[in-house]
Amino acid sequence: QVQLVESGGGSVQPGGSLRLSCVASGFTFSTYFMSWYRQAPGKERELVAGITNSGRTTNTADSMKGRFTVSRVNSKNTVYLQMNSLKPEDTAVYYCNAKDFSHDYWGQGTQVTVSS
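Residues numbered from 1 in each chain as written. Predicted model: local features only at pLDDT ≥ 70, side-chain atom pairs only at ≥ 80, totals over all residues. Heavy atoms only, no water.

Trainee: Which residues make up the environment of Thr113, and what are the values?
Mentor: In this fold, Thr113 is placed in strand β11 (residues 110-114). Sequence spacing of Thr113 and Ser11 is 102 residues, and the spatial spacing of their C-alpha atoms is 4.6 Å. When residues no more than four places from it in sequence are discounted, the contact partners of Thr113 are Gly10, Ser11, Val12 and Thr91. A distance of 3.3 Å separates the side chain of Thr113 from the side chain of Gln111, its partner in a polar contact. (Helix = DSSP H or I, 4+ residues; strand = E, 2+ residues; numbered from the N terminus. Contact = heavy atoms within 4.5 Å. Polar contact = N/O pair within 3.5 Å; in protein donor to acceptor, adjacent residues only side chain to side chain.)

Trainee: Mind laying out the state of the cysteines, listing which residues take part and the relevant values?
Mentor: In this structure the tally under the stated criterion is one disulfide. Disulfide pairing is shown between Cys22 and Cys96; the S-S distance is 2.1 Å. Because the torsion about its S-S bond is -80°, the bridge between Cys22 and Cys96 counts as left-handed. Taken as a pair, Cys22 in strand β3 (residues 18-25) and Cys96 in strand β9 (residues 92-99) lie far apart in primary sequence, 74 residues in all. (Disulfide = S-S within 2.5 Å.)

Trainee: Before we move on, could you go through the pattern of salt bridges and cite the residues and values that matter?
Mentor: Under the counting rule described, the total for this entry stands at four salt bridges. With a shortest N-O distance of 2.7 Å, Arg38 and Glu46 are connected by a salt bridge. Residue class for Arg38 comes out buried when judged on its relative accessible area of 7%. Put simply, Arg38, Glu46, Arg67 and Asp90 are held in one network by salt bridges that share partners. (Salt bridge = Lys/Arg side-chain N within 4 Å of Asp/Glu carboxyl O. Buried < 20%, exposed > 50% of the residue type's maximum accessible area, 1.4 Å probe, protein only.)

Function cannot be inferred from these measures alone, as they are strictly geometric.
Spelled out as C-alpha cells, the structure:
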C-alpha cells in the first residue's frame, strides 16, 4: 500500500536547523511531484516547497525562501526539507505530499517546534 513516512522533526531553538525526510513506498516515486506542507495550530495548511519529479525544478513559499530547501533522491524514494534559521513562527506539523494527475497522497506529519 502507499506510504509516506516523515521523520526528522523535533524541538529546536530559534536560529537552529532541522532536516526532514519523507520516505515513499507503494507507488512509482520518480513520476510524482513532491511537496512539503505545514499546518500550525489554528491555521490552515500551507505549501512550504515543491519539487518536480526529476528534481530539476523547485519552488518555495516566499516566507521561507533562502531558509528552506527541498530536494529529492529518486533512487532512495526520499524527499528532504532542509530548514535553516528557524523561527518560532515555523512551529507546525510538517506533511509530505505526493501528487500526479490522478493521485494525491499524504503522510502522517512530523512536529517541528521552534522555541527558546
